[in-house]
Each structure stands twice: as C-alpha cells, then as structure tokens.
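The chain contents come next:
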Amino acid sequence: GQSLEQPSEVTAVEGAIVQINCTYQTSGFYGLSWYQQHDGGAPTFLSYNALDGLEETGRFSSFLSRSDSYGYLLLQELQMKDSASYFCAAPGYSTLTFGKGTMLLVSP
Amino acid sequence: EAQVTQNPRYLITVTGKKLTVTCSQNMNHEYMSWYRQDPGLGLRQIYYSMNVEVTDKGDVPEGYKVSRKEKRNFPLILESPSPNQTSLYFCASSYDQGSTEAFFGQGTRLTVV
C-alpha cells in the first residue's frame, strides 16, 4: 500500500513564498503528483515529478527526492486566489493514492 | 470541451433508498474511478475501472457498487445508503491506469438521513 503525509494547514501572506511538504511510504513508487482544490470543488492537476529534482510551472514548482521519500510544492508570489487545499498523490499500477491535504490560507 | 460530468451535484436521501450517481467523460479515457472526501481524511478511492467491464475495489468499497458497460460512463450505486455514507463524492478519469494526471468531476454532495 501507499501512505502520504502532509501538514494539515499552512498560512502565509500575499507575495510570500510557501512550501508544502509531502513524505511518502509506498510499496511501489512511480512518482508524485500535486492537485489543487478550491472550497470543495473539483481537484485540478498541478504537476508531476517522476524523477528527482525541481519541475517549474510558472509560480508553482514541485520537487522530488526519491532517496528521502520526500517531495514538496513551492508556491511563489502568493496571491489570495492561491488559498485552497493542496494534495500530494502517488500514482500506483492501478490506483491513485492521495495525502489528506494541506489547507493554504493566504492573508493580505 | 473535455470534461467529467457528475449528476446530481447535491442529493439528500433517506436510509435504505437505493440511489445512483452518474459519471460520464468525453475524453475516451480508459481509466475511471470514484473517490469520497471527508473532513480530515482526504480523498479515498472507492472503486476503479481500467476499461469496459473491468472494475476493482479501492480502499473503501463497502456499501458501494459500480458498473462499466460503456467506456464513457461509470455510475456509482448505493444499494442501501446509510448515514455514514454522507460525504462528498468525486468521479475521475485518466487516459489509462498509468497516467499521471486525473480529471475530476465537479463532485456530488450526498446526505443520507
């Protein structure tokens, strides 16, 4: 099976940088995905890391270290609209397992 | 527009009354799945399907049934709903079981009284 751990809540101010961590324990690991969810709406895909290192997509970046079983999502130049829940997820052979989610609160 | 469509968006029902939540995708995806989301528990997989007529249990399948008679549709059936099935439900699809990106429906908020 797979389990992913992430903090339940993170707070930051507009314009700042925030990092959301995810540690995982898996029986078979293919890579790490990140999803964003606003107020109970549909989760939307942000990024995927199959290899170690940093992947950058605009203001968002995602990092993976397979040797440490650890990854993070980095959000830069925070905006109020970034207030949402963020989930790390690990695709398996036939399933997609999610962490419990991190609620990001961005204040003015 | 590529999308996953769930219906209904909101449903209040009584214990024991059978219900079906429909899910349809227009992306010709092979892989579809159902999740329930509860506060503090994140998204937990109920059932998944790797192709037509191929379905399997996820992490929390008790009390649910699914079917995959057509590629585009993957309904979730609650034969005898109970209050502990009150939850927010999401259908998702992806190109195949190895895909790294899943596309989610808008969710169905179910209340069983």
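Shown above is the structure to which this text applies.
The rules behind these values
- Residues numbered from 1 in each chain as written.
- Chains lettered and ligands numbered in written order.
- Predicted model: local features only at pLDDT ≥ 70, side-chain atom pairs only at ≥ 80, totals over all residues.
- Heavy atoms only, no water.
- Helix = DSSP H or I, 4+ residues; strand = E, 2+ residues; numbered from the N terminus.
- Buried < 20%, exposed > 50% of the residue type's maximum accessible area, 1.4 Å probe, protein only.
- Polar contact = N/O pair within 3.5 Å; in protein donor to acceptor, adjacent residues only side chain to side chain.
- Contact = heavy atoms within 4.5 Å.
- Pairing = 2+ DSSP bridges.
- Buried area = accessible area lost by both parts, 1.4 Å probe.
- Salt bridge = Lys/Arg side-chain N within 4 Å of Asp/Glu carboxyl O.
- Nonpolar A, V, L, I, M, F, W, Y, C, P; charged D, E, K, R; others polar.

Draft legend 1. The side chain of Gln45 of chain B, seen in detail. Tracing the backbone through its elements, the reader meets Gln45 of chain B in strand 5 (residues 42-51). For Gln45 of chain B, a relative accessible area of 2% puts it in the buried group. Engagement of the side chain of Gln45 of chain B in a polar contact is seen with the side chain of Tyr31 of chain B, the distance being 3.1 Å. If we skip the residues at most four places from it in the chain, Gln45 of chain B touches Thr95 and Leu96 of chain A together with Tyr31, Ser33, Trp34, Tyr35, Gly58, Asp59 and Val60 of chain B.

Draft legend 2. Geometry of the pairing of strand 4 (residues 32-37) of chain A. All names here are of chain A. A large share of strand 4 lies buried, amounting to six of its six residues. Of the two faces of strand 4, both are covered, the one formed by Leu32, Trp34 and Gln36 as well as the one formed by Ser33, Tyr35 and Gln37. By the bridge criterion, five bridges tie strand 4 to strand 5 (residues 44-49) in an arrangement that is antiparallel. Pairing of Trp34 across the sheet is with Ser47, part of strand 5.

Draft legend 3. Seen up close, the interface of chain A and chain B. Each partner contributes residues to the interface: chain A has 19 residues there, and chain B has 20 residues. In total, chain A and chain B occlude about 1,600 Å² of area from one another, counting both sides; carbon and sulfur atoms represent 57% of this. Across the chain A-chain B interface, the total number found is zero salt bridges. Here chain A is connected to chain B by four residue pairs in polar contact (both at pLDDT 80 or more). Elements represented by at least two residues in the side of chain A that touches chain B include exactly strand 4, strand 5, strand 9 (84-91) and strand 10 (96-98) of chain A. The greatest single-element share of the side of chain A that touches chain B, amounting to three residues, is contributed by strand 4 of chain A. Among the residues making up the side of chain A that touches chain B, the classes are represented as 10 nonpolar, eight polar and one charged.

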